[in-house]
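Each chain, written out:
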Amino acid sequence: MLELAAKFILETKTMTTETSFEMTGYAKRKYNVTAPINVDVARNYLRAVVAIASADGELAQEEIDWFMEEQQQMGTPSDLLEENVINFDGKNADIEQLLSAIHYDFSINVGHSMLYQAIKMSRADGVYHEKEKAAVDRAAEILGIERKVVVSLESLAEIEESADRLRLAIFETDVE
């Protein structure tokens, strides 16, 4: 099930021995991340996103693939991805505990970014399950994020999916 993710881990195995790591140009362009990321914060962030996407009782391959690719493009070290995405049991995780362990000082709103990635990951299999939506709502509540922000993030994910389909249609490829 984790074939693509495992392949990447094996091909790019790096060990995080520092307390922080630098993000890529992609992270700067897409999320405006400019400062190094603390490894402990990253660990809890990854686990929280996986737990939210696992709220429907399963973590679909498409969801794992989307999150792994996004994190790889951002420069998250492969050992962190292996430990906290591939080998982490998000179905039995306590989202409140994970979110309370995230203490951060970033150039971006990490809570908004986390919910955005959780929504995108949850939708990657083509189904944004009610339990996933409820987990996003619960995470927003814990983080003190207003409902209108959650609706905006969900709408953004829908717009991006529509734009992707439009681009493919313009390029005359098969579009679902």
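Quick caveat: nothing in here was measured; it's all calculated off a predicted structure.

(A) Focus on helix H5 (residues 78–86). Within H5, seven of the nine residues are buried, leaving the element largely enclosed by the surrounding structure. Turning to H5, its buried residues number three or more, namely Ser78, Asp79, Leu80, Leu81, Asn84, Val85 and Ile86.

(B) Focus on the pattern of salt bridges. With the rule as written, the count across this model stands at 12 salt bridges. A salt bridge links glutamate 160 to lysine 120, with the nearest nitrogen and oxygen atoms 2.9 Å apart. In this pair, glutamate 160 sits in helix H9 (residues 147–170) while lysine 120 sits in helix H7 (residues 110–123), placing the two residues 40 residues apart along the sequence. On the basis of relative accessibility, which here comes to 22%, the residue glutamate 160 falls in the partly exposed class. The class of lysine 120 is buried, set by a relative accessible area of 10%. We note a salt bridge from arginine 123 to glutamate 161, for which the minimum N-O separation is 2.8 Å. Of this pair, arginine 123 sits in helix H7 while glutamate 161 is found in helix H9, placing the two residues 38 residues apart along the sequence. What makes arginine 123 buried here is its relative accessible area of 17%. Since its relative accessible area comes to 24%, glutamate 161 is described here as partly exposed. One connected set of salt bridges, linked through shared partners, spans Asp40, Arg43, Arg47 and Glu83.

(C) Structural detail: the confidence of the model for the chain. Across the chain, the average pLDDT comes to 88, with 86% of residues at or above 70. Ignoring residues within four places in sequence, the model shows residues 4–16, a span with pLDDT below 50, making 25 contacts including any to other chains.

(D) Main features of the side chain of glutamate 70. Along the chain, glutamate 70 turns up in helix H4 (residues 61–74). We classify glutamate 70 as buried; its relative accessible area is 4%. One polar contact links glutamate 70 to tyrosine 26, side chain to side chain, over a distance of 2.7 Å. When sequence neighbours within four positions are dropped, the list of residues in contact with glutamate 70 reads Tyr26, Lys30, Tyr31 and Gln117.

Cut-offs and rules
Residues numbered from 1 in each chain as written. Predicted model: local features only at pLDDT ≥ 70, side-chain atom pairs only at ≥ 80, totals over all residues. Heavy atoms only, no water. Buried < 20%, exposed > 50% of the residue type's maximum accessible area, 1.4 Å probe, protein only. Helix = DSSP H or I, 4+ residues; strand = E, 2+ residues; numbered from the N terminus. Salt bridge = Lys/Arg side-chain N within 4 Å of Asp/Glu carboxyl O. pLDDT = per-residue confidence, 0-100. Contact = heavy atoms within 4.5 Å. Polar contact = N/O pair within 3.5 Å; in protein donor to acceptor, adjacent residues only side chain to side chain.

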